[in-house]
Amino acid sequence: MTFSSLRAAKIVYKRHFRWHLHCFLSTDIVGDKPILVRDFIRSALYDPNHGYFSKMSGSVGQLESSIRFNQLQGRVAYLQRLSNLYKQHDISWFTPVELFKPWYAFGIAEAIMRTANLSIPLKIYEIGGGSGTCAKCIMDYMMLNAPAKVYNNMTYVSVEISQSLAKKQLQTVGEVQSHLSKFRVERRDATDRSGWGKMVIFHDPFSSWGKFLLPFGILSIFFASKRISLPELYNHMSPMWPTLFLSCLKLDNHVDYASKTTHGNQVQRIPHTECLAHLFYYVGNGDHEPCWVIMLEVLDNLPHDLVYSPNQVSPWMEVWLEKVKDRFVMCSQVSEVYKPIQDSLIAQCVKIIGLDEDHAAGRNRLVSAASYILSRAFPKPRRSWIPTGCLQLLEVLHSALPKMSLIASDFSYLPEVSIPGDRAPLVSTKKHGRTTDHGNYLDAKGDADIFFPTDFWLLERIDHYCSGWSNEQKTSSSLKSVKKRRTIILDTASFMDEFGLPSKTRTRDGYNPLLDDFKNTKFYLSVPTHNIT
């Protein structure tokens, strides 16, 4: 890298703030050590103390009753009704599943019924379930339209990171008493792999009994990751049972272990003589049964990384954020620092997306020379937002739920985005009924929503990659490798025409807000092929 490139590798955005408090908050997320952009976004949105979804308890709206669209004259009447709803509730936004309840969720439920194998118990995971409206409406639909055994044996699990939303979901679903026995909320981060399997957590691993049990817990986790069955595990460790058993008897009569419940981590106590069985029973490897995963407006709030290139031909660099002192104000500010790509998740995402193809070996030398000269004469910096959070989530889901079917809905593009870069986010704050869009993502300090457009073509590539098909395609010696997933991308109007009841969201003059106003949203369906083992 040349000296000029090194000198240009660090750019500091200096902005003079009117209030010192405002300046303090802008650097509160970034500590003494530099962080990646995705960590900044994750903290700004999900931090339990200053994150947007933690501070703004009313960020997700919930209607008391469904909108009767057939009583509205047309578009003007609908927009007026929508404006009144926002003023009454003073919330940031209503999700489509809320605005068009129950019909939006009914369409999703119908898609599941047509695709799922109803001869086995139906299991649904919903990530980021908001107020719980989608869960309740889907369970309503199953209760009313599916065979009785499907509803009676179904399980609906909501994976929710927000404590306030988790409580709201239980309240919403609990409006129908029979739903509660089939529904539970797991308050955790869906991108954390450990949350998809149960594990013994010893109170003190370095206590007298912990020193004996901890190595066996580690071994059990290792064998579980290798997908070794429980009988095989017992056979592997059978020579050590007498020593471990005698050690347990010499200690106290009980051992603490933690189990995940609807209300968080609840510590229970079990006898030492039972601890071995519980040790291996609670070490899970995910759910290997067929299931459905629902993600509605989740992808847009997943953390993204930012990569930067000073011109058209220079390699991409990962963007870090660090605190710097400003001479003109009495506090620190945040600057971007550009480094060669070393983060494994960023490198993996860049490879999947194909951002590095321009620098691949074998590129036409004449084209390379021309591009180099052009970049020197007319340098044009490049910025690209890459969905590393989506990659991380799908890797975890495919690992934990290899037989899952996925249905996701989100915005395919966002209008009037002023933040630079491909797939740049919209950073928006709403206070007292007024919405303010920010021109810098660093303006997000826990009081602003950060949401990205979803490139569904990239989503499909990431999905295939995480399923293992893309790697097998490159390494397979066969003439044609078989895809492990069957995928389809539909705009919302096409999805609802196929699975929903569009007439229920149509006004008197024929205007349909679900079909006409959500043209920038799409559905993504991904199911495993029948030959998956």
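Note that residues are indexed from 1 along each chain, following the sequence as it is written. Local features in a predicted model are, by the rule used here, given only for residues with pLDDT of at least 70; side-chain atom pairs are given and counted only at 80 or more, and totals for whole chains, interfaces and linings are based on all residues. To get the side-chain values, take all heavy atoms of the structure and skip hydrogens and water.

- Naming follows an unreviewed UniProt entry, where the protein appears as Protein arginine methyltransferase NDUFAF7 of Musa troglodytarum.
- UniProt positions are given in the numbering used here, feature names are shortened, and annotations may be inferred rather than shown by experiment. Under the Catalytic activity (unreviewed entry) heading, UniProt states for the protein: "L-arginyl-[protein] + 2 S-adenosyl-L-methionine = N(omega),N(omega)'-dimethyl-L-arginyl-[protein] + 2 S-adenosyl-L-homocysteine + 2 H(+)".
- Entered under Function (unreviewed entry) in the UniProt record, the comment concerning the protein runs "Arginine methyltransferase involved in the assembly or stability of mitochondrial NADH:ubiquinone oxidoreductase complex (complex I)."

### Some thoughts on the packing of aromatic side chains
Next up, step 1: Any two of the Phe, Tyr and Trp rings considered here, Trp counted by its six-membered ring, make a pair once their centres fall within 6.5 Å; the pair's planes then place it as stacked at under 30 degrees, edge-to-face at over 60, or tilted in between. On inspection of all chains with the given rule, the structure shows 18 aromatic pairs.
Next up, step 2: Look at Tyr156 and Phe183: their rings are 5.9 Å apart centre to centre, the planes differ by 40 degrees, and that puts the pair in the tilted class. Residue Tyr156 is located in strand β4 (residues 155-160), and its partner Phe183 is located in strand β5 (residues 183-187); the two are separated by 27 residues in the primary sequence.
Next up, step 3: For every residue, the accessible area obtained with a 1.4 Å probe (protein chains only) is divided by the maximum for its type, and the residue is called buried under 20%, exposed over 50%, and partly exposed between those limits. Overall, Tyr156 belongs to the buried group, its relative accessible area being 0%.
Next up, step 4: Taking the centre distance of 5.1 Å and the plane angle of 90 degrees together, the rings of Trp385 and Tyr441 count as edge-to-face. Here Trp385, found in strand β12 (residues 382-386), pairs with Tyr441, found in the loop between β15 (434-438) and β16 (449-451); they are 56 residues apart in sequence, far enough to count as distant.
Next up, step 5: Judged by relative accessible area, which is 0%, Trp385 ranks as buried. Strands here mean DSSP runs of E at least two residues long; helices mean DSSP runs of H or I at least four residues long; both are numbered from the N terminus.

### Looking at the side chain of Asn311
Next up, step 1: By secondary structure assignment, the location of Asn311 is in the loop between β9 (305-309) and β10 (317-325).
Next up, step 2: A distance of 3.1 Å separates the side chain of Asn311 from the backbone nitrogen of Val313, its partner in a polar contact. Polar contact is the term for a pair of N or O atoms within 3.5 Å; when the atoms are in protein, one must be able to donate a hydrogen and the other to accept it, and sequence-neighboring residues count only if both atoms are side-chain atoms.

### Points about the sheet that holds strand β14 (residues 426-431)
Next up, step 1: When DSSP finds two or more bridges between two strands, those strands count as paired. Strand order across the open sheet formed by three strands is β15-β14-β16, with antiparallel pairing between neighbours. Single-partner strands in this sheet number two, and they are β15 and β16. The mean angle between the axes of side-by-side strands here comes to 30 degrees, regardless of whether they run parallel or antiparallel.
Next up, step 2: Two elements, β14 and β15, share five bridges in a ladder whose sense is antiparallel. Note that in β15 the partner of Val427 across the bridge is His438. Helix axes are fitted only over the stretch in contact, all axes being lines through C-alpha atoms; the angle between N-to-C directions runs from 0 to 180 degrees.

### Some details on empty space enclosed by the protein
Next up, step 1: The way it works is a 1 Å grid over only the protein atoms, where trapped points that fit a 1.4 Å probe form a cavity and open points with protein on both sides within 12 Å along at least five of seven lines form a pocket, and then any residue with an atom within 4 Å of a point lines it. Grid points are joined across faces, edges and corners, and a volume is the space filled by probe spheres set on the points. For the coordinates displayed, the defined rule picks out five cavities of 30 Å³ or more.
Next up, step 2: In this model, the largest cavity occupies a volume close to 540 Å³.
Next up, step 3: In terms of lining, the largest cavity is formed by 35 residues, of which the most central are Tyr46, Ile127, Gly128, Glu160 and Val298.
Next up, step 4: Counting residues per element, the ones that place at least two in the lining of the largest cavity are α3 (37-46), α6 (96-99), β3 (123-127), α8 (133-145), β4 and α17 (388-400).
Next up, step 5: If you tally residues by element for the lining of the largest cavity, the top one is α17, at three residues.
Next up, step 6: The residue classification treats Ala, Val, Leu, Ile, Met, Phe, Trp, Tyr, Cys and Pro as nonpolar and Asp, Glu, Lys and Arg as charged. All others, Gly included, are polar. Tallied by class, the residues present in the lining of the largest cavity amount to 16 nonpolar, twelve polar and seven charged.
Next up, step 7: Space inside the second largest cavity adds up to approximately 110 Å³.
Next up, step 8: Taken together, Leu299, His304, Pro387, Cys390, Arg423, Pro453, Thr454, Asp455, Leu458, Leu459 and Ile462 make up the full set of residues lining the second largest cavity.

### Focus: the environment of Phe518
Next up, step 1: Within the secondary structure layout, Phe518 lies in the loop between α21 (513-516) and β18 (521-528).
Next up, step 2: Taking relative accessible area as the criterion, Phe518 reaches 14% and is therefore assigned buried.
Next up, step 3: For the pair Phe518 and Ala493, spaced 25 residues apart in the sequence, the C-alpha separation amounts to 8.1 Å.
Next up, step 4: Setting aside anything within four residues of it in sequence, one finds Phe518 in contact with Pro96, Leu99, Phe100, Thr492 and Pro513. A contact between two residues is defined here by any heavy atoms of the two lying within 4.5 Å.

### Examining the pattern of salt bridges
Next up, step 1: Throughout this description, the term salt bridge denotes a Lys or Arg side-chain nitrogen within 4 Å of a carboxyl oxygen of Asp or Glu. A complete count under the given rule lists eleven salt bridges for this structure.
Next up, step 2: The residue Arg75 makes a salt bridge to Asp517 at a minimum N-O spacing of 2.8 Å. Here Arg75 is found in helix α5 (residues 75-89), whereas its partner Asp517 is found in the loop between α21 and β18, with 442 residues between them in sequence.
Next up, step 3: Residue classification places Arg75 among the partly exposed residues on the basis of a relative accessible area of 41%.
Next up, step 4: For Glu498, the salt bridge goes to Arg114, with nearest N and O atoms at 2.9 Å. Residue Glu498 is found in helix α20 (residues 492-499), and its partner Arg114 is found in helix α7 (residues 103-115); the two are separated by 384 residues along the sequence.
Next up, step 5: One connected set of salt bridges, linked through shared partners, spans Arg38, Asp305 and Asp343.

### Structural notes on the pairing of strand β13 (residues 404-411)
Next up, step 1: Taken across its eight residues, β13 has eight buried, putting it largely inside the fold.
Next up, step 2: Taken together, the six bridges between strand β8 (residues 291-296) and β13 define a ladder with parallel strand orientation. The residue bridging Ile294 from the neighbouring strand is Ile407, located in β13.
Next up, step 3: Direction of pairing for β13 relative to β18: antiparallel, over a ladder of six bridges. Paired with Asp410 across the strands is Lys522, a residue of β18.

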